[in-house]
Amino acid sequence: MSAARAAAAPGAPDENESTLLARRLVGALVAAGVRHVVHCPGSRDAPLAYALDAAERAGWLDARVHLDERDAAFIALGIAKAARLEGRCEPVAVVTTSGTAVANLHPAVAEADASGTPLVVVSADRPHEMWGTGANQVTRQSGIFGRTVRDAVDIPAGFPPDERLDAAVSRALTLARGALSGDPGPVQLNVGLREPLVPGSPWRPGARPRPRTGECREPAPAPLDLPERTVVVAGDGAGPRAEALARAGGWPLLAEPGSGARFGPNALCDYQRLLDGGPAERIEAVLVLGHPTLSRPVSRLLARPDVRIVAVADGSRWTDVAGLARVVPGPVEAVRRPAGGWLRAWREADAGRRGVRGPRDATGRKDAVASAVWDAHCAPGAPALVIGASDVIRSFDRCARPADRAPAVVSNRGLAGIDGTLATAVGVGIGLGGPVRAVVGDLTAVHDGLGLLHGVHETAPDVQALVLDDEGGAIFSRLEHARTAEPAMFARWFTTPQAVDLGALAAAVGAVHRVVDGAVELARLLAEPVRGCSLVEVPLLG
């Protein structure tokens, strides 16, 4: 008998099939590298709830029960992204019951697909004989996520709970981790479960199943020789290797806040403005790592036909917005050259731009807040930082001054949506086991306010939501609609300010509410430790 089967053996030989399948499936997930599971309550997934409860008591995994499937999936996504901050590609599972519950996972699955995050959907389903009969909560769950998943595996009701199930789970999670493809992402295990859904006997798991996963060796880096007048563009997921490449090559580094590379002597602060004229006109080559998405100046740079674009691909995906890039497989290393006049020109131009800002309107205040938050998080021992999409992260991109180290930053830049941001922050806190500060706009806070909610039986990580309140979607003021739409139409159809009492919202989810207005109060807040769950308003208007 295999280790996984011995560990998952039932408490009695006459146990029902759904209980045996659920227990074996949980054992196979643990053996395939799953340490965290987020479970959504339901009836059809009840066998999995009983099995997960026993497995958690045995120390096999850490489980969290969350009411809402959409946020549960983003919590799982946040846990997986926290592992990536620590250099690990760790699959995290979210378990749901059947019906609309599964459809609610789709936003997080789409983000996991685009960001290369190993999210494992375990969706409980009615048995096949109930499909197409009009029975309650029956929909076609198999394939519901389309091409956004790396694999969708059907495990029919009554599937043998033996080595064949272990192998099916192992294959799916190998794809989720990208161990062979270099392209991690979400997978779905759609599990049919017949009644009875209640175990006939208790399960007392033995020793934790031995892992079936293996580590893939990273190939030796290939040398990359580019001209002196090269710049390095680092987008989401680029990591510290982008900083090392820029330093070795003597090149300026244009690193987004969520890249993990915005630090060191070559990193620039206000590079968006520097791309309009000046040394930017003399760029000969661009080295692209990660997934840059934040600024139109960078997109225009990557579409310049007079510039050599080189995209580093570690898997099957890379960024090439205009079809001009030469793709090279990673990892790569730069041919070392001393920092010369090219880098010095960029540094001097960047230093001249720092502190040059527009009027003290909401945009200026938002930039100042972003700058202060970034500086605080560059300090050793600072909380992890989750940055919301839309205009907030663009303020960080304009104003975050590179230091000697990069903060631990997570941002959902795969599809750049605002949904699930606070739930992602909760997941990051769970994954890291430490405090997290999420900086979001007021619409993001309203959109995912219930992401801070937790059940009375669940431990709450230390999460602070810092809400930059400019009464609506400020991102649209930077787009062409602000110049073409009539003001009343622009406000209703684009910026959409909401009449929400954030203090009441905080009270509803059990968070401490606080209003911080002014640089002195903000500095005091940033110096305090993040403890418990809190929602802090930073008014930007008035």
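To start, this report covers the structure provided alongside it.

Basis of the calculations
Residues numbered from 1 in each chain as written. Predicted model: local features only at pLDDT ≥ 70, side-chain atom pairs only at ≥ 80, totals over all residues. Heavy atoms only, no water. Helix = DSSP H or I, 4+ residues; strand = E, 2+ residues; numbered from the N terminus. Contact = heavy atoms within 4.5 Å. Buried < 20%, exposed > 50% of the residue type's maximum accessible area, 1.4 Å probe, protein only. Axes fitted to C-alpha atoms, helices over the stretch in contact; angles between N-to-C directions. Parallel < 35°, antiparallel > 145°, perpendicular 65-115°, else oblique. Left-handed = near helix turned anticlockwise from the far one by under 90°. Arc of directions from axis to C-beta.

1. Concerning the environment of Leu287
Position of Leu287 relative to the elements: it lies in strand E10 (residues 285-289). When sequence neighbours within four positions are dropped, the list of residues in contact with Leu287 reads Leu224, Leu226, Thr230, Val231, Val232, Val233, Leu245, Trp251, Val310 and Val312.

2. Concerning helix H8 (residues 240-249)
Considered for burial, the residues of H8 that qualify are Ala242, Glu243, Leu245, Ala246, Ala248 and Gly249. Next to the buried residues of H8 lie strand E8 (230-234), strand E9 (253-255), E10 and strand E13 (332-334). Positive phi shows up at Gly250, right after H8, with a value of about 70°.

3. Let's talk about the packing of helix H4 (residues 69-85) against helix H6 (residues 106-115)
The contact between H4 and H6 brings their axes to 8 Å, and the two run at 20°. Looking at the two axes, H4 sits roughly parallel to H6. Crossing handedness for the pair H4 and H6: left-handed. For the pair formed by H4 and H6, the contact residues are Ala73, Phe74, Leu77, Lys81 and Arg84 on the first element and Pro107, Ala108, Glu111, Ala112 and Ser115 on the second.

4. Re helix H19 (residues 519-527)
Every buried residue belonging to H19 is among Leu522, Leu525 and Leu526, and all of these are buried. The buried residues of H19 occupy one face: seen down the axis, they fall within an arc of 95°. In H19, those exposed residues whose orientation departs by more than 90 degrees from the buried face are Val520 and Ala527.

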